[in-house]
Amino acid sequence: MDLEEYLLGHTDPEPDHLKRLYRDANLQLLYPRMLSGHLQGRLLKMLTEMIAPKRAIELGTFAGYSALCIAEGLPEGATLDTVEIFDELQPFLENHLSNAPFSDRIRLHIADAMEIVPQLARRDGRFDMAFIDADKRLYPDYYTMLLPLMNPGGWILADNTLWDGKVLEISTGLSDSRHNRQATAIARFNDMVSADNRVEKLILPLRDGLTIIHIKDR
């Protein structure tokens, strides 16, 4: 038994509908390692329960695993808008989201997040919680876009903020940032958040890094 097996053995079990999604994603989709997975999925569900947002937004749906975990943790009457830019994922998403518990809390949008998220905020109001897991090269842009669209006291979660440790290589000058645009953008995002006195922030070394950002009441 390794440490990850120990952690999973002492964490709530993965629901059956997520097991099926995980299996199908590994059989049918490219890059299935992009899935949130069991441990992070249970954390997302629990964080959502603690935050209790009325309106949540997800940037980057991929296979829908994290969307279903967030939806599971939402309070009654709350909604999650989840945005995925790649339309080839739509049939997979519609199949798994429509056949899963809590799917009535999810609104799927096949669109560019930079375009549709401000539209959703203007139409339905600001967000209480956001989960960023889309194009890593755009993390600084997502952060700049989202902050004005969040309610005071809201929360932003950002995935993959360690990027296999390459952010450390960039910050210490051990890596030529010109050759890794994703790592460069994430390192810049981390620096932006760290220097922003409007928010409290914490990076958890879970999987590939999960940053928790709390927007101070203003």
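In what follows, the structure referred to is the one given above.
A brief structural summary.

Basis of the calculations
Residues numbered from 1 in each chain as written. Predicted model: local features only at pLDDT ≥ 70, side-chain atom pairs only at ≥ 80, totals over all residues. Heavy atoms only, no water. Helix = DSSP H or I, 4+ residues; strand = E, 2+ residues; numbered from the N terminus. Polar contact = N/O pair within 3.5 Å; in protein donor to acceptor, adjacent residues only side chain to side chain. Contact = heavy atoms within 4.5 Å. Salt bridge = Lys/Arg side-chain N within 4 Å of Asp/Glu carboxyl O. Buried < 20%, exposed > 50% of the residue type's maximum accessible area, 1.4 Å probe, protein only. Axes fitted to C-alpha atoms, helices over the stretch in contact; angles between N-to-C directions. Parallel < 35°, antiparallel > 145°, perpendicular 65-115°, else oblique. Nonpolar A, V, L, I, M, F, W, Y, C, P; charged D, E, K, R; others polar. Expected span 1.5 Å × (residues − 1).

## Observations concerning the side chain of Thr-211
Right, so step 1: With respect to the helices and strands, the residue Thr-211 is situated in strand β7 (residues 210-215).
Right, so step 2: One polar contact links Thr-211 to Thr-161, side chain to side chain, over a distance of 2.9 Å.
Right, so step 3: Apart from the residues within four sequence positions on either side, Thr-211 is in contact with Ile-156, Leu-157, Ala-158, Thr-161, Asn-190, Leu-202 and Ile-203.

## Quick word on the pattern of salt bridges
Right, so step 1: Evaluation of the coordinates by the stated rule reveals 11 salt bridges.
Right, so step 2: A salt bridge links Arg-107 to Asp-124; the nearest nitrogen and oxygen atoms lie 3.5 Å apart. Pair noted here: Arg-107 is in strand β3 (residues 106-110) and Asp-124 is in helix α6 (residues 113-124), with a separation of 17 residues, a long-range link.
Right, so step 3: A relative accessible area of 31% means that Arg-107 is categorised as partly exposed.
Right, so step 4: On the accessibility criterion, Asp-124 (32% relative accessible area) is partly exposed.
Right, so step 5: Put simply, Arg-55, Asp-81, Arg-107, Arg-123 and Asp-124 are held in one network by salt bridges that share partners.

## So, the packing of helix α2 (residues 16-28) against helix α4 (residues 65-73)
Right, so step 1: As a packed pair, α2 and α4 sit with axes 10 Å apart at the nearest point and diverge in direction by 170°. One way to sum up the angle between α2 and α4 is to call them roughly antiparallel. On the side of α2, the interface is formed by His-17, Leu-18, Leu-21 and Tyr-22, while α4 contributes Tyr-65, Leu-68 and Cys-69.
Right, so step 2: Here the residues of the contact of α2 with α4 sort into 6 nonpolar, 1 polar and no charged.

## Looking at unusual backbone geometry
Trans is the common state for peptide bonds, and a negative phi is the common state for residues other than glycine.
Right, so step 1: Look at Tyr-31: it is not a glycine, yet its phi comes out positive at around 55°.
Right, so step 2: With respect to the secondary-structure elements, Tyr-31 resides in the loop between α2 and α3 (37-51).
Right, so step 3: By relative accessible area, which is 60% here, Tyr-31 ends up exposed.
Right, so step 4: Here Arg-207, not a glycine, exhibits a phi torsion of approximately 50°, which is positive.

## Brief notes about the environment of Leu-74
Right, so step 1: Following the sequence through the fold, Leu-74 ends up in the loop between α4 and β2 (79-84).
Right, so step 2: As for Leu-74 and Met-46, which are separated by 28 residues in sequence, their C-alpha atoms are 9.5 Å apart.

## Quick look at the side chain of Thr-82
Right, so step 1: Looking at where Thr-82 falls in the secondary structure, it is placed in strand β2.
Right, so step 2: Judged by its relative accessible area of 0%, Thr-82 falls in the buried class.
Right, so step 3: Only 2.6 Å separates the side chain of Thr-82 from the side chain of Thr-61, close enough to count as a polar contact.
Right, so step 4: Thr-82 has contacts with Glu-58, Thr-61, Ala-67, Ile-106, Arg-107, Leu-108 and His-109, leaving out every residue within four places of it along the chain.

## Points about α3
Right, so step 1: The end-to-end C-alpha distance of α3 is 21 Å, a good match for the 21 Å that 15 residues give at a rise of 1.5 Å each.
Right, so step 2: Of the positions making up α3, those classed as buried are Gly-37, His-38, Gln-40, Gly-41, Arg-42, Leu-44, Lys-45, Leu-47, Thr-48 and Ile-51.
Right, so step 3: Following α3 by one or two positions, Ala-52 has its phi on the positive side, about 50°.

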